[in-house]
Amino acid sequence: MARRVSLNIPVPTAVAAGASISIEECGSSVWAWTSGTFVATFQLQLSQDGVLWTNEGTAITVPGQVEITKLARFIRANTTVYTSGTPTCLLVAMHSVGA
């Protein structure tokens, strides 16, 4: 049986790294859905320890979806360019629940 997990990934509206969130409960089928009207560039980053971060996929400049392909304990959005608007990012995962 699978349970849907949805988590908001805070995207800074300034050049900065956002708050990290734990994604340990998400399992292996994970997608990030970005939306909003914005002129900005942000990068999703993954970490095992909350200290060392690696980029996941390519930088995001328009609304869309990104598959999270690596296992990690934490995720954050790192805004590298910001002009205007409010980008949002929702992490959606299917987590298997034992019988």
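Heads up: the structure comes first, above all this text.
Residues numbered from 1 in each chain as written. Predicted model: local features only at pLDDT ≥ 70, side-chain atom pairs only at ≥ 80, totals over all residues. Heavy atoms only, no water.

Student: I keep staring at the overall build of the protein chain and nothing clicks. Help me out?
Tutor: Scanning the protein chain from terminus to terminus reveals 0 helices and 9 strands. The helix and strand sequence of the protein chain, counted from the amino end, reads β-β-β-β-β-β-β-β-β. Relative to the compact-globule value of 13 Å for 99 residues, the protein chain shows a C-alpha radius of gyration of 13 Å, a close match. Considering only C-alpha atoms, the protein chain reaches an extent of 50 × 25 × 20 Å along its principal axes. Burial statistics for the protein chain: of 99 residues in total, 37% are counted as buried. (Helix = DSSP H or I, 4+ residues; strand = E, 2+ residues; numbered from the N terminus. Rg over C-alpha atoms; globule rule 2.2 N^0.38 Å. Buried < 20%, exposed > 50% of the residue type's maximum accessible area, 1.4 Å probe, protein only.)

Student: Just checking my understanding: could you explain the side chain of T34 for this structure?
Tutor: Mapped onto the elements, T34 comes out in strand β4 (residues 29-35). Looking at T34, the relative accessible area reads 7%, which means it is buried. Discounting chain neighbours no more than four positions away, the residues touching T34 are F42, I60, V62, P63, G64, T88 and C89. (Contact = heavy atoms within 4.5 Å.)

Student: Would you take a moment to explain the packing of aromatic side chains for this structure?
Tutor: Aromatic rings considered in pairs are described by the distance between their centres and by the relative angle of their planes. Going through the model one piece at a time under the given rule, you end up with 1 aromatic pair. Seen from their ring centres, F38 and F42 are 6.1 Å apart, and the 55 degrees between their planes marks the pair as tilted. Given the relative accessible area of 1%, F42 is considered buried. (Phe/Tyr/Trp six-rings, centres within 6.5 Å; stacked < 30°, edge-to-face > 60°.)

Student: Please clarify how the side chain of Q45 should be interpreted in this entry.
Tutor: Note that Q45 resides in strand β5 (residues 38-47). The exposure class of Q45 is buried, given its relative accessible area of 8%. A polar atom in the side chain of Q45 sits 3.0 Å from the side chain of N55. There is a polar contact of 2.7 Å between the side chain of Q45 and the side chain of R76. Apart from the residues lying within four places of it in its own chain, the contact partners of Q45 are W53, T54, N55, E56, F74, I75, R76 and N78. (Polar contact = N/O pair within 3.5 Å; in protein donor to acceptor, adjacent residues only side chain to side chain.)

Student: Please explain the environment of V81 as it appears in this structure.
Tutor: Counting through the fold element by element, V81 comes out in strand β8 (residues 74-85). Along the sequence, V81 and T41 sit 40 residues apart, while their C-alpha atoms lie 4.9 Å from each other. For V81, the contacting residues outside a window of four places in its chain are V15, A40 and T41.

Structural measurements only, silent on function.
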